[in-house]
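For reference, the chains in residue letters:
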Amino acid sequence: MVDRVLVTLDGEVRDADQPLLYADDIGVLRGDGIFETALVRGGTVCALDFHLARLRRSAQALDLPEPDLARWRSAIETAAKEWGSEEEGVMRLVLTRGREGALGSPKAGLRSGELSEAVPVPTTFVMVTGLADRVAAARTEGVAVVTLTRGISIDLAQAAPWQLLGAKTLSYATNMAALRFAARMGADDVIFTSTEHRVLEGPRSTVVIARDKQLITPPAKNGVLPGITQRALYAEAERRGYDCRYEPLFTADLFDCDSIWMLSSVTLAARVNSLDGVRMSATESVSEIIEMVDRGIERAGTIADW
Ligand SMILES: *Cc1c(COP(=O)(O)O)cnc(C)c1O
């Protein structure tokens, strides 16, 4: 049983204890790049097509060369095989803008004149590691959450596309700082709010509330990342007669619902067990929602079902 797997896009399995990046990698110098985090379960990568589709959209948003999905698939397959099927794993797909000093030829997918003729060759790799300790507890016990302002308006995503709010970029320093801020307040996670007191998302998860047979999540145009786990839940919940909505939520709505969920590819469904210090007790629907997320993620392997 290996504890880490590293595969570069040329399909080569690397020693994860050996250095891989150059000091002038723009991903390191500026956090300029994109990533995906997927769950490896039973030897396969959950909802892989959706992660690859979002990787592609993120690359477009950052004017990065279009990812060669056939090569990604093959490197991912190699990495999943190396990891094995015994334990769950976290698979990261990483694509940076490449080395500052090294210019390659224009990549396929770029129209000439769109960017300078010579563009850096992206740095690309797939890494699999074990699940963080917090994941098991978040799945079973839920998480204590604080609301923190993100200091932005829900209009920002459309007014300022260069903010890249719909892309999964490597610039996560503020997201990590918010989690440390929460930890100092004794909380496990964060729900970001806008300047209008609207609910946005977690630093690494999508917020969904459940109210009777209704599920609500903020729409992507409010400046949140479209979540794959949330989509998997909606696909499954709709089959079971739930009314699944994308609607703006006020922070007050968080206190007027049956349960609040932080959804993400690795942790899957973490119920908010306390919000800003107010305990939220589990309702009957809790186990059904957890089950729907599991089921939805399994089904997400077959795109035709979505
Ligand atoms: C990754 C991420 C999510 C969750 O997305 P999944 O596709 O479910 O993993 C939500 N919000 C942010 C900011 C994220 O980085």
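The protein is annotated in an unreviewed UniProt entry as Aminodeoxychorismate lyase of Nocardia rhamnosiphila. Recorded under Sequence similarities (unreviewed entry), the UniProt text for the protein is reproduced unchanged: "Belongs to the class-IV pyridoxal-phosphate-dependent aminotransferase family."

(A) The arrangement of the side chain of N273 in detail. Here N273 is to be found in strand β15 (residues 268-275). In this structure N273 comes out as buried when scored by relative accessible area, which is 19%. Ignoring sequence-local partners within four residues, the contact set of N273 consists of E141, G142, V143, A144, V278, R279 and M280.

(B) Just the sheet that holds strand β4 (residues 44-45), in detail. Reading across the sheet, the six strands line up as β2-β1-β8-β5-β3-β4 and stay open at both edges, with antiparallel pairing between neighbours. Two strands close off the open sheet at either side, each with one partner strand: β2 (13-14) and β4. Two strands pair when backbone bridges link them, and strand β3 (residues 33-41) and strand β5 (residues 89-96) are joined in this way by eight bridges, in the antiparallel orientation. From the neighbouring strand, F35 faces β5, where its bridge partner is V94. On top of the sheet, helix α2 (residues 48-61) reaches β3, β4 and β5; it is set at about 175° to β3, its chief contact.

(C) Region of interest: the packing of helix α7 (residues 228-239) against helix α8 (residues 286-299). The N-to-C vectors of α7 and α8 enclose an angle of 105°; their axes lie 8 Å apart at closest approach. Judged by the angle between their axes, α7 and α8 are roughly perpendicular. For the pair formed by α7 and α8, the contact residues are T229, A232, L233, E236, A237 and R239 on the first element and I289, M292, V293, R295, G296, I297 and R299 on the second. Partitioning the contact of α7 with α8 into residue classes produces seven nonpolar, two polar and four charged.

(D) Broad picture of α2. Spanning 14 residues, α2 covers 20 Å between terminal C-alpha atoms, matching the ideal 20 Å at 1.5 Å per step. Within α2 the residues assigned to the buried category are L48, F50, H51, L52, R54, L55, S58 and A59. The elements touched by buried residues of α2 are β3, β4, α3 (69-83), β5 and α7. Directly beyond the C-terminal end of α2, a positive phi value near 55° is found at D63.

(E) The arrangement of the site of the ligand in detail. The local shell around the ligand holds 16 residues, among which R54, K168, Y172, T229 and S265 are the closest. The contact in question runs from a nitrogen atom of the ligand to an N or O atom on the backbone of S205, over 3.5 Å. Within the side chain of S265, one N or O atom sits 2.6 Å away from an oxygen atom of the ligand. Look at the ligand: alone it shows 380 Å² of surface, and the protein chains cover 96% of it. Mapped onto the shell around the ligand, the elements with two or more residues apiece are α7 and β14 (259-264). Split into classes, the residues belonging to the shell around the ligand amount to five nonpolar, seven polar and four charged.

Reading the values: rules and limits
Residues numbered from 1 in each chain as written. Predicted model: local features only at pLDDT ≥ 70, side-chain atom pairs only at ≥ 80, totals over all residues. Heavy atoms only, no water. UniProt positions renumbered as here; feature names shortened; annotations may be inferred. Helix = DSSP H or I, 4+ residues; strand = E, 2+ residues; numbered from the N terminus. Buried < 20%, exposed > 50% of the residue type's maximum accessible area, 1.4 Å probe, protein only. Contact = heavy atoms within 4.5 Å. Pairing = 2+ DSSP bridges. Axes fitted to C-alpha atoms, helices over the stretch in contact; angles between N-to-C directions. Parallel < 35°, antiparallel > 145°, perpendicular 65-115°, else oblique. Nonpolar A, V, L, I, M, F, W, Y, C, P; charged D, E, K, R; others polar. Expected span 1.5 Å × (residues − 1). Near = heavy atom within 4 Å. Polar contact = N/O pair within 3.5 Å; in protein donor to acceptor, adjacent residues only side chain to side chain. Areas by Shrake-Rupley, 256 points an atom, 1.4 Å probe, with all protein chains shown as cover.

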